[in-house]
Structures are given as C-alpha cells and as structure tokens.
Amino acid sequence: MHQQQAFDATAWRTGKVTGTETVDFTPDLKTCEVDFRLWPNKPKTAIAGDHLAIDAAKVGGAAVTPTLNADGGTASSPTLAVLPLTTCAKPGTTVHIDLAFTLTLGVDVAERTGREASGKFAWFDYSFPLLAWEFGHGWMRDPAVNLYGDMSGSEDFNLSSLSATAPSADAVTGTGAAGATTAGANGTTVHNFSATAVRDVSVAVGDFTVLNQQDGDVSVHLATPPSTVVTPQVWAAAIAKSLALEKMLGPFPYPDVWVTVLEPALGSGFEFPGGFLIADIDPDNDAPTVVTHDLAHSYFFGLVGNDQGRDPWLDESWSVWAGIVVNGAGEPDLTPSAAPQAGPIGEPMTFWATQPSAGQTYFEDVFVRTLPPQVL
Ligand SMILES: [Zn+2]
C-alpha cells in the first residue's frame, strides 16, 4: 500500500490545518467499501477542541460522498467515514483514493493533536483520515471510547511523500527521512519526508530547535522548544541510552527517530513509528523508563502491529517490559506465581472504558499488572 500526505500548516496558529491524502489500497479480501477512521474526533480530544473533517473524497477519480458514523464519537464528531465502491474490489486489485481534509487543533490538548496556547507550537499525529484495514481480517471498526490512550490500528504503508508547509520561521518535524525543503508561497517553506513502511504520520511545527545526532545506525532528530525543564542534551542522552533496545530486540526498525518535546499538558509520551511526542519533563527523574518505553513501541506496534482498540495489551505490556529491562529497574519475574494475578489483561478498550476508575484500571491492568512488586 502506498500513501502520500500533504499538510498545509501555514495558518496553524489560527488552529486550522488543511491536508490532502492519496491512498493506493490493495485489499487481500473482497470489499465493497473503504473505511477511514477520524481519530481526533474521539471523545477525549473532541471535547478538548480537536476535529477532523473530510472535505472531499474521490475513488478511482470519481467523487463520492462518505457516510459518517459516530462509532463511539458523536454525530458532530464521527470517528468512522465509509466510502462506497461502485464496484466491489477483488483481492489483489488496487483502489485509488484521493481525500481533502481540514484539521482543527484544540488548545493544550493532553493527547496526540493540539497547539500550545500562546502560539509557540502545534503537533498532529494520527490526525488524518486513517485507512483502517487489517490484512486477513478486514475493516477495523472498534468504537472510540472515552479514555486517553490508543485505540487505532492500521497496516504498514509506503509513505512515498509527506510534506508540511509552514511559515518559514518555524521548524518542522516529521516522520521518516527528511528530504530537501522547497520554497512555498507567501513566506512559507515546504518540508519533505518519506518512509518505506509506517502505520502513522506525525508532524510538529513551531518554535523548536532541532538537534541531530547519530546513535549507531540510527539518525536521531530531537526538537525542543526554547525553554524546557532539562537541556536537550539530557534528552539526547536518554535516547542514546534507550537504544540499548537494539541489543535485546534487534536493529531499530526505522533509520530515523524523531522526538519532539512539547508541553506539560501532554502528560506523557505518544509514540509513532520511528519516534514520539513527549511532555516537557525531566526524563531521568520524572519518568525514568518513558523514553525507552516509547522507543520500544517502534518494535511493539511499529514493526509488529496490532489493533490497539481490540488488543491494547499487545503493544503496551511489551513496551513496559522493555523499558524496565533496559533501565535496570528490575527484571520481569517470569516464574509462574503460586497465586497468579489472573486478570482481564487481554480485554479491548471497550471493556476498560466501562470499568470503575476506567483510566486508572486500564493503566494498572494493561500496563503494569504483570510486573514484579519491586518496580511498581
Ligand atoms: Zn505505551
């Protein structure tokens, strides 16, 4: 599968970003529709002011009108867009889709899509219509739930082109390998990226300094705003140390790593294939395993994908485990317990959303239930 993404972030300080997307989708099962998920419209981020709307859609060059479904969102914030096919697609045939969309950025959102209140920077990740196909299964229609956390899923695609147009004074971070920049109109610069196999696309724009360093075979690009809790060098050291993951799990799955430090409101880290967005914290003292955890997601979710709505434990528990091992904060106890903590770790996000103290229960059961007491 191939995708091209183009974001026009010229006016991001007004809270609006527009974009276009082309997808060449080759299903392995017969399908009579094409489904996209609109994850900024999930409850937690919709309430915070995020919104993603499809402005125009074409299939095979012909205009179509998507059918919008709340699917855990609301009628005004639908999370599922279904494009009908006039002729059902047979396995192995390629469907070409063109989309245009508008993204609205909420202020100080504690999630993957937002902008800083005073206009310093903005970030958007999973913030485009996401093709929701799972090979061997079909469309991923898991409902959005009212929790922070990931509930999305997508197959790898060749990101043949990612561009982000922004005011020339702004720095831009992306996904994959950075290409040459080109001049845009009216004092803007077009930043270009590409990647051979990713499941998601992440962009941040604004007043950042980008530090580049080579850690073995991985090119690290670290973006920090002017004032941060710790120096960029502290972050760079934490990233370098965390790439000890390669000794345990094999070569890092992506040649480029993008890490963007944002604001405290973000709360934590948000991974994407080949990088993560993270709150402005002191990684050594506030969250000593978080950098490793979010880089481990490039293996558990990036390299080995999962439907994070149906099986959230498949990437979270393994990334917690990797973070613990690499940082020496205790070895996972693999000895069968006399009284095993049998629990519903394998349940989907729809289960966790219905539990008492849902967010806390989700975290305790899916992330840390299997860890030994000394690291809790
Ligand atoms: Zn995680």
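The text that follows walks through the structure, step by step, so that each part is easy to find.

Cut-offs and rules
- Residues numbered from 1 in each chain as written.
- Predicted model: local features only at pLDDT ≥ 70, side-chain atom pairs only at ≥ 80, totals over all residues.
- Heavy atoms only, no water.
- Pairing = 2+ DSSP bridges.
- Helix = DSSP H or I, 4+ residues; strand = E, 2+ residues; numbered from the N terminus.
- Axes fitted to C-alpha atoms, helices over the stretch in contact; angles between N-to-C directions.
- Donors = N, O, S within 2.8 Å, 3.2 Å for Na, K, Ca; no water.
- Parallel < 35°, antiparallel > 145°, perpendicular 65-115°, else oblique.
- Contact = heavy atoms within 4.5 Å.
- Nonpolar A, V, L, I, M, F, W, Y, C, P; charged D, E, K, R; others polar.
- Salt bridge = Lys/Arg side-chain N within 4 Å of Asp/Glu carboxyl O.
- Buried < 20%, exposed > 50% of the residue type's maximum accessible area, 1.4 Å probe, protein only.
- Disulfide = S-S within 2.5 Å.

## A short note on the sheet that holds strand β15 (residues 171–173)
Within the open sheet, the four strands sit side by side as β9-β10-β19-β15. Their pairing is antiparallel. Every interior strand has two partners, whereas the edge strands, β9 (113–115) and β15, have only one. Within the sheet, the average angular offset between the axes of one strand and its neighbour, ignoring direction, is 10 degrees. Pairing of strand β10 (residues 121–125) with strand β19 (residues 202–206) involves five bridges; the strand directions are antiparallel. Bridging from a neighbouring strand, Phe124 pairs with Val203 of β19.

## Quick look at the coordination of the zinc ion
In this structure, His293 (NE2), His297 (NE2) and Glu316 (OE) serve as the protein donors to the zinc ion, at separations of 2.0 to 2.1 Å. In the primary sequence, the donor residues of the zinc ion line up as H-x3-H-x18-E. Remark: Glu316 occurs in helix α5 (residues 313–326) and His297 occurs in the loop between α4 (290–296) and α5; sequence separation between them is 19 residues.

## Description of the packing of α5 against helix α7 (residues 358–367)
Across the interface, α5 lies against α7 with an axial gap of 9 Å and an inter-helix angle of 65 degrees. Considering their axes alone, α5 and α7 lie roughly perpendicular with respect to each other. Between α5, through Trp313, Glu316, Ser317 and Val320, and α7, the contact on the second element is made entirely by Tyr362, Val366 and Phe367. Counted by class, the contact of α5 with α7 contains five nonpolar, one polar and one charged residues.

## Brief notes about the pattern of salt bridges
Taken as a whole and judged by the stated rule, the model has 13 salt bridges. Among the ionic pairs, Glu271 bridges to Arg112, the shortest N-O distance being 3.6 Å. Of this pair, Glu271 sits in strand β23 (residues 269–272) while Arg112 sits in the loop between β8 (95–104) and β9; the two residues are 159 residues apart in sequence, bridging distant segments of the chain. Of the residues examined, Glu271 reaches a relative accessible area of 3% and is grouped as buried. Classification of Arg112 as buried rests on a relative accessible area of 5%.

## A closer look at α7
For α7, the set of buried residues is Ala358, Thr361, Tyr362, Asp365, Val366 and Phe367. Its buried side turned inward, α7 meets α4, α5 and α6 (349–352).

## Let's talk about the sheet that holds strand β11 (residues 130–131)
Overall, antiparallel pairing links the four strands, which are arranged β6-β7-β3-β11 in an open sheet. Two strands bound the open sheet, and with one partner strand each, they are β6 (67–69) and β11. One ladder, built from six bridges, connects strand β3 (residues 31–37) with strand β7 (residues 80–89); its direction is antiparallel. Counted as the bridge partner of Asp35 is Val82 from β7.

## Concerning the environment of His137
On the secondary structure map, His137 appears in the loop between β12 (133–134) and β13 (138–139). When the C-alpha atoms of His137 and Leu29 are compared, they prove to be 7.9 Å apart, with 108 residues separating the residues in sequence. Ignoring sequence-local partners within four residues, the contact set of His137 consists of Leu29 and Arg310.

## Things to note about the state of the cysteines
What the rule picks out here adds up to one disulfide. Here Cys32 pairs with Cys88 through a disulfide, and the sulfurs are 1.9 Å apart. Between Cys32 and Cys88, the disulfide has an S-S torsion of 105 degrees and is therefore right-handed. Pair noted here: Cys32 is in strand β3 and Cys88 is in strand β7, with a separation of 56 residues, a long-range link.

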